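Survey of secondary and tertiary structure
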Amino acid sequence: MIRLENIEQKYDLGEQEVVALNNISLEIKEGEFVAIMGPSGSGKSTLLNLLGILDNPSAGKFYLEGHDITSLPDKEQARIRNKHFGFIFQSFNLFSELSAMENVMLPMSYAGVSFSDRKSRAKELLTQMGLSHRLNHLPTMMSGGEQQRVAIARALSNKPSLILADEPTGNLPTAKGQEILDILKGLHKQGTTIVMVTHNDEQAQMADRVIYMQDGSIQDSSKQDNKVLESQRGE
Amino acid sequence: MNIKEDFILSVRSLLASPLESMLLVLGLALSIGATASGLGMFAKANDAAKQLLQQVEYREILVSSKQSSSEMNVPITLQSTDETVTLSVIDLEAALLSPNIEFAYLSDRTRLRFNTGNAGFGGFRRGAGDNNNAADNNNRNTPNPNPDETQSNRQSTFSLNETNTGSEHGQRNSDRQTAPENTQGTQNENAQNENESPNQRFRADFEFATTDGPAPIIDSLPAYEVTPEFFSAMNLSVQKGGLFTRQEMQQGAKVLVLGSKAAASLFEDGVALNREVASFDNIFSIVGVLHETNTPIDYNAYRPSQVATQNAFRFAGFGWGAKLQFTVHDAVDLTQAQAQLTQYFNTQYGENVLNIQVPREAAKAASNRSEKIAIITLVLALSGLLIANVNVSNILYSRALRRRKQVGILKALGASKNNIFIMFLKESAVLLVFGGLIGVFIALGFSSLIALEGQSGLPLYAVLLGVLMSCLITLVFTLIPAIQASKTAPAIAMRVE
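What you are looking at is a predicted structure, and each value in this text was computed from that prediction instead of being measured.

Turning next to the packing of helix 5 (residues 144-156) of chain A against helix 6 (residues 174-189) of chain A. Residue and element names in this part refer to chain A. Relative to each other, helix 5 and helix 6 sit at 20 degrees, their axes nearing to 9 Å. Considered as vectors, helix 5 and helix 6 are oriented roughly parallel to each other. The interaxial crossing formed by helix 5 with helix 6 has right-handed handedness. Only Lys176, Glu179, Ile180, Ile183 and Leu187 of helix 6 make contact with helix 5, whose side of the interface consists of Gly145, Gln148, Arg149, Ile152 and Leu156. Residue composition of the contact of helix 5 with helix 6, by class: five nonpolar, two polar and three charged.

In this structure, Asn23 of chain A takes a positive phi of about 50 degrees despite not being glycine. Checked against the element boundaries, Asn23 of chain A lands in strand 2 (residues 16-28). In the Ramachandran plot, Asn274 of chain B falls in the positive-phi region, its phi being about 65 degrees despite a non-glycine side chain. Among the secondary structure elements, Asn274 of chain B is positioned in the loop between helix 10 (260-266) and strand 6 (276-279). For Asn274 of chain B, a relative accessible area of 57% translates into the label exposed.

Moving on: the sheet that holds strand 4 (residues 59-64) of chain A. Residue and element names in this part refer to chain A. Reading across the sheet, the four strands line up as 2-1-4-5 and stay open at both edges, with antiparallel pairing between neighbours. Of all strands in the sheet, those with a lone pairing partner are strand 2 and strand 5 (67-68), marking the two edges. In this sheet, strand 4 lies alongside strand 1 (residues 2-13) in antiparallel orientation, the contact comprising five bridges. Each bridged residue has a counterpart across the sheet, and for Arg3 the counterpart in strand 4 is Tyr63.

Conventions we followed
- Residues numbered from 1 in each chain as written.
- Chains lettered and ligands numbered in written order.
- Predicted model: local features only at pLDDT ≥ 70, side-chain atom pairs only at ≥ 80, totals over all residues.
- Heavy atoms only, no water.
- Axes fitted to C-alpha atoms, helices over the stretch in contact; angles between N-to-C directions.
- Helix = DSSP H or I, 4+ residues; strand = E, 2+ residues; numbered from the N terminus.
- Parallel < 35°, antiparallel > 145°, perpendicular 65-115°, else oblique.
- Left-handed = near helix turned anticlockwise from the far one by under 90°.
- Contact = heavy atoms within 4.5 Å.
- Nonpolar A, V, L, I, M, F, W, Y, C, P; charged D, E, K, R; others polar.
- Buried < 20%, exposed > 50% of the residue type's maximum accessible area, 1.4 Å probe, protein only.
- Pairing = 2+ DSSP bridges.

All we've got here are geometric facts, nothing functional implied.
Below is the structure:
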């Protein structure tokens, strides 16, 4: 589904040039559950940004379904984020000005979904998340777990093929975090590809594969991943 | 209805910081109001200048003797009378020289003082602009009136009253007309009325004539001694009664045509037509009331020019204030007509003896000045708009900076640069709609303030144009923060604060 080839990410901080990612090659297959682990500053968030096309790499190739998307115009990249990717953030990132319904409806408006369809889809998703009693509540009136479930509903609104989760349980108590993980597991079972950044080894065990990051490089991965890399080198 | 959620987000963001939003709206309202008013005033000044220059007065050439224009206050005895030129009806023939001249008339500003019947009104009041100064001086130098003659004069004026009661004034004057009529309009040296012989006039000045009818309730009116062509030149007509003719003027008829306001204010009951009013030695019959013009004409009284009948007194300065006024049909002909008249009067009286003025030039200068003031007002208003816009742009920019996270999330959720740009532009449009509406009220407020002073308000088209223009300019200024916001990197969404 996604193939990264020799990705480099550099940030120009005035006089100093910071290399955030160094020669990353990586493949994520359809339906895979990938966990990214590593210490702070290892580049895992940068990698997630790249995977979600929130940032363009300084060098290297990014193939999505076989198409190089690094050189696509902003409008196309936005369309891909909107239709194919779903983001789940550590701090939920809901709009405090909008109700749960409106938060879920928002990405669909960029996809050109009609108001009534947006409304019914949002209602359906929130009900699935067990929030049918919270439809018109503002995020500030909800608990952290509820807010994250609204965020997941929002991420699912356009039926994405890839979910990108950045420490989705980081701001939640353990019990609530488990609820979120269960939802992600359920999505994975339904065939959605999931890439999750986490600090928690236990959570990482849920994944099909764990990518360890250190100083902007992939340190160690499962055997499967090594095989992929070897096969790429062979090509 | 298909209100997108990002627009709801915009509106609620604006409502979430009411103070800032209100400041933005207020700034926009004031700058839009000021610009619209400035443009309105500019348009008004332009229109007013155009309208002013269309008036008859500014298609005229004024010819006057130097004395009448500048040395009115110098005592008569100090002036060498042989250098005095007194313009008369004859001089109006200069009009024949130029085909461009439509009308020619003689006008002499004076003031009519009435015997109001008050006990205090026994003496002779002098007025600065009074044409009868000379008579006044002479009067005081010969303080020896013959009572009998005065009496006879009074009787003669009384008898005049009796004959004046007829409605046809040509007829009523016929019995005292002794001089032959001159239908050519040229002045006859002998066209003197017996009742108006100089001695009688002086004697009569000493005691006031009175009438049988009601006394006027005002003691004076601004008056002009004019030739009948004045009415045609000014395009004036009577609503009641009639105008006086050239023939009557030459007969020295004591008749008055009043402006509508003057007619209404003269007597207590507001009726003036066919009444008589006493001024010095004269009893005037009011023969006509003009249509309302909403100009100073409404407040004036017009009597036949006396110059036609006072040749014998030219040397003494009668008719000094008389101005010959030549009206052209089209203002572009003024220069040529002025040149022709100048040439004529120079050969007639010598160079630099007469003042030949074109009021249009002065009016043009004045309207240029007011136009300049209007331009300055407009520039100030536009500066206000610019300053307000820079500030609005600045506040919007800081808003965009504060909302980088929001924009980043929106982008992560699938908003393109274009979506963000339009979202911020819509937000500015919401502010502009409210600012613009209040701005229109501000401009209309100014307009009605001007309208209160008896003028028309600011032209609506200019006000609306000003609103439209300032809104467009403001929109351009809001583009900058909108573009800046649209450039926000989406990766910012991932940052944990």
